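Spelled out from the first residue to the last, the chains are:
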Amino acid sequence: MIEVQHLTKRYGKCLAVDDVSFRIRNGRIYGLLGPNGAGKSSTMNMIAGCLAPTGGTVLVNGYDVWEKPIEARRQIGYLPEIPPLFPDMTPYEYLTFVAEAKGVGSELAVRQTSEAMTVTGIVGIKDKLIRTLSKGYKQRVGIAQALLGNPDILILDEPTVGLDPKQILDIRNLIRRLGEKKTVIISSHILAEIQEMCDHVIILDHGRVVADNEIKALEQESTPSRALRMSVRGDREGILTALRSIPGVQSVTAENDQGGVLAVSVVMESEQDLRDDIFFAMAERRYAVLSMEMQENSLEDVFLHLTGGTPEGDSDRDSTDGEAVVPEEQGEDGDRP
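Summarised in this report is the structure supplied together with it.

Rules behind the numbers
- Residues numbered from 1 in each chain as written.
- Predicted model: local features only at pLDDT ≥ 70, side-chain atom pairs only at ≥ 80, totals over all residues.
- Heavy atoms only, no water.
- Helix = DSSP H or I, 4+ residues; strand = E, 2+ residues; numbered from the N terminus.
- Buried < 20%, exposed > 50% of the residue type's maximum accessible area, 1.4 Å probe, protein only.
- Contact = heavy atoms within 4.5 Å.
- Areas by Shrake-Rupley, 256 points an atom, 1.4 Å probe, with all protein chains shown as cover.
- Pairing = 2+ DSSP bridges.
- Axes fitted to C-alpha atoms, helices over the stretch in contact; angles between N-to-C directions.
- Salt bridge = Lys/Arg side-chain N within 4 Å of Asp/Glu carboxyl O.

**Some words on the overall build of the protein chain**
And then number 1: The number of helices and strands found in the protein chain is eleven helices and 16 strands.
And then number 2: Burial status across the protein chain gives 47% buried among its 337 residues.
And then number 3: Within the protein chain, counting contacts between residues at least 6 apart in sequence, those at least 24 apart form 70% of the total.
And then number 4: In the structure as shown, the protein chain presents an accessible area of about 16,400 Å², 47% of it carried by carbon and sulfur atoms.

Put into structure tokens, the structure is as follows:
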């Protein structure tokens, strides 16, 4: 379990992470979602012990990341956005080196290296130089190094960035398999990726937590209205007037009108289901309802409602070209050593 308590990070006068608190429970896949500049990379770097916080604490399975760093970091396997690979090593050489650097005994290091290569599907390229590998295989090597030491928790920062569609599918499938045995935290600004892989999502905006819940619960609860799309045959103005007169209807928008068939979007007040009222209102005026479909709230709807923007948003406060910005010198913000 990870407990993040009042975590804060300043870069000079810039407040990148602002009093963030949340809890990561064991055995689930969590998504850390937010626009560029929301504080995702800074938060993950502080959880992993790679970046000193200005304030707050992080407990990993009860160990304070800064008071007991060795014990805490043994619980975590971390993949930064850019994997920390040595291009002139082979995957086997590199993984053996990482295992030994993590304090894994020589005999156990060989076994764990073999297991990590098997799980990540890189046995066939284990003797090739890393610099000759594709981006997808480099990501797999990066994930394999995170598995060494058999940590309970995997933290993966933008694990599919820069991959082609097939490589993305392969990495997503790999992460889902890993999530069956380990707690996984994924940082991303790609909505579809979080929605497809994760059980639970934490949304950051301007350095603060704006949502922390299961994805299904957020989709059901976080947006203030419900939408209905329908196709109706009849007079355009008559249809719109009749729909707008129904109690509980917030807005009606005509989307398309072809051959006397009007496509309409109807926004209803939260928790309202007005399909019966709409159907009978159309039938009373002898307008034929050809289709009617309730639009489910998506993670994108939730995201836009909570952040007021798009995932690709403004320029990233805590990343440049995908890399976390770590100041050369600490400011006068009381950062912990």
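More follows now that the structure is in view.
**Observations regarding the side chain of R140**
And then number 1: With respect to the helices and strands, the residue R140 is situated in helix α5 (residues 135-147).
And then number 2: When neighbours within four sequence positions are excluded, R140 is seen to be in contact with T120, G121, I122, D170 and I171.

**Looking at the environment of Q112**
And then number 1: Looking at the element boundaries, Q112 is found in helix α4 (residues 106-120).
And then number 2: Residues Q112 and L95, 17 residues apart in the sequence, show an inter-C-alpha distance of 9.0 Å.
And then number 3: Setting aside residues no more than four positions away along its own chain, Q112 makes contact with V104, L148, G149 and N150.

**Comments concerning the sheet that holds strand β5 (residues 63-64)**
And then number 1: Strand order in the open sheet formed by four strands is β2-β1-β4-β5, with antiparallel pairing between adjacent strands. The open sheet has two free edges, formed respectively by β2 (14-24) and β5, since each of these has just one partner strand.
And then number 2: Against the sheet, helix α1 (residues 40-47) engages β1 (2-11), β2 and β4 (55-60), with an angle of about 120° to β1.

**Here's the deal with the pattern of salt bridges**
And then number 1: Evaluation of the coordinates by the stated rule reveals 13 salt bridges.
And then number 2: Here D127 and K126 are joined by a salt bridge, their closest N and O atoms 3.3 Å apart.
And then number 3: Here R140 and D170 are joined by a salt bridge, their closest N and O atoms 3.7 Å apart. On the criterion of sequence distance, the pair formed by R140 in helix α5 and D170 in helix α6 (residues 165-178) is long-range, its members being 30 residues apart.
And then number 4: If you follow the salt bridges from partner to partner, you end up with R172, R176, E193 and E196 in one network.

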